[in-house]
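Now for the letters of each chain:
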Amino acid sequence: MPTVLVPGVLRAEAGGAARLEVTAEGSLRAVLEEVAQRWPRLERRIRDESGVLRRYVNVYVDGEDCRRSGGLETPVPAGAEIQVLPSVAGG
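Residues numbered from 1 in each chain as written. Predicted model: local features only at pLDDT ≥ 70, side-chain atom pairs only at ≥ 80, totals over all residues. Heavy atoms only, no water.

Trainee: How would you summarise the environment of Ser-50 if you had to cite specific residues and measurements?
Mentor: Among the secondary structure elements, Ser-50 is positioned in the loop between helix H2 (40–46) and strand S4 (57–61). You can call Ser-50 exposed: its relative accessible area is 60%. Here the side chain of Ser-50 touches Asp-48 through a polar contact of 2.8 Å, side chain to side chain. (Helix = DSSP H or I, 4+ residues; strand = E, 2+ residues; numbered from the N terminus. Buried < 20%, exposed > 50% of the residue type's maximum accessible area, 1.4 Å probe, protein only. Polar contact = N/O pair within 3.5 Å; in protein donor to acceptor, adjacent residues only side chain to side chain.)

Trainee: Let's hear about unusual backbone geometry: which residues, and what values?
Mentor: Within the chain, Asp-62 stands out as a residue other than glycine whose phi angle is a positive 50°. Tracing the backbone through its elements, the reader meets Asp-62 in the loop between S4 and strand S5 (64–65). Under the relative-accessibility criterion, Asp-62 is labelled partly exposed at 47%.

Trainee: Can you explain the sheet that holds strand S2 (residues 19–21)? Please cite residues and give values.
Mentor: In spatial order, the strands read S2-S1-S7-S4-S5; together these 5 strands make up an open sheet with mixed pairing. Sheet topology places S2 and S5 at the edges, where each strand pairs with a single neighbour. (Pairing = 2+ DSSP bridges.)

Trainee: Describe the environment of Val-52, listing the residues and the values that go with them.
Mentor: Inspection of the secondary structure puts Val-52 in the loop between H2 and S4. Distance in space between the C-alpha atoms of Val-52 and Leu-72 is 8.1 Å, their sequence separation being 20 residues. Apart from the residues within four sequence positions on either side, Val-52 is in contact with Ile-46 and Arg-47. (Contact = heavy atoms within 4.5 Å.)

Trainee: Summarise the pattern of salt bridges; cite the residues concerned and give the values.
Mentor: Pairing of side chains with opposite charge becomes possible as their charged atoms draw close. Enumeration according to the criterion identifies 7 salt bridges in this entry. Salt-bridge contacts for Arg-47 lead to Glu-33; the nearest nitrogen and oxygen are separated by 2.9 Å. Of this pair, Arg-47 sits in the loop between H2 and S4 while Glu-33 sits in helix H1 (residues 28–38), and the two are 14 residues apart along the sequence. On the basis of relative accessibility, which here comes to 4%, the residue Arg-47 falls in the buried class. Residue Glu-33 is classed as partly exposed on the basis of its relative accessible area, which comes to 39%. (Salt bridge = Lys/Arg side-chain N within 4 Å of Asp/Glu carboxyl O.)

Following this line, the structure appears as structure tokens:
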């Protein structure tokens with residue numbers, strides 16, 4: 001089962017969980033569809049209304065930036081770790 005790692009800033013949207021186990025695998029799109037079903041508030045912070053990754057959110061599959069390895073079609077094998085990192089602004 002793939003695991004989605006949720007940073008502290010987004011945990012409220014995931015019921016306080018730091019790690020989410022999902023059954024979907026095959027592609028990042030499939031994983032995010034399951035996230036949308038089970039944790040819709042979290043999914044809205046990751047993707048926009050058209051289903052595209054929000055530009056200020058970085059998603060890594062087993063340490064690889066998904067934007068450089070296929071976007072939503074990035075392969076997600078069983079046991080993969082998906083890390084969600086929103087950009088932090090400040091000064």
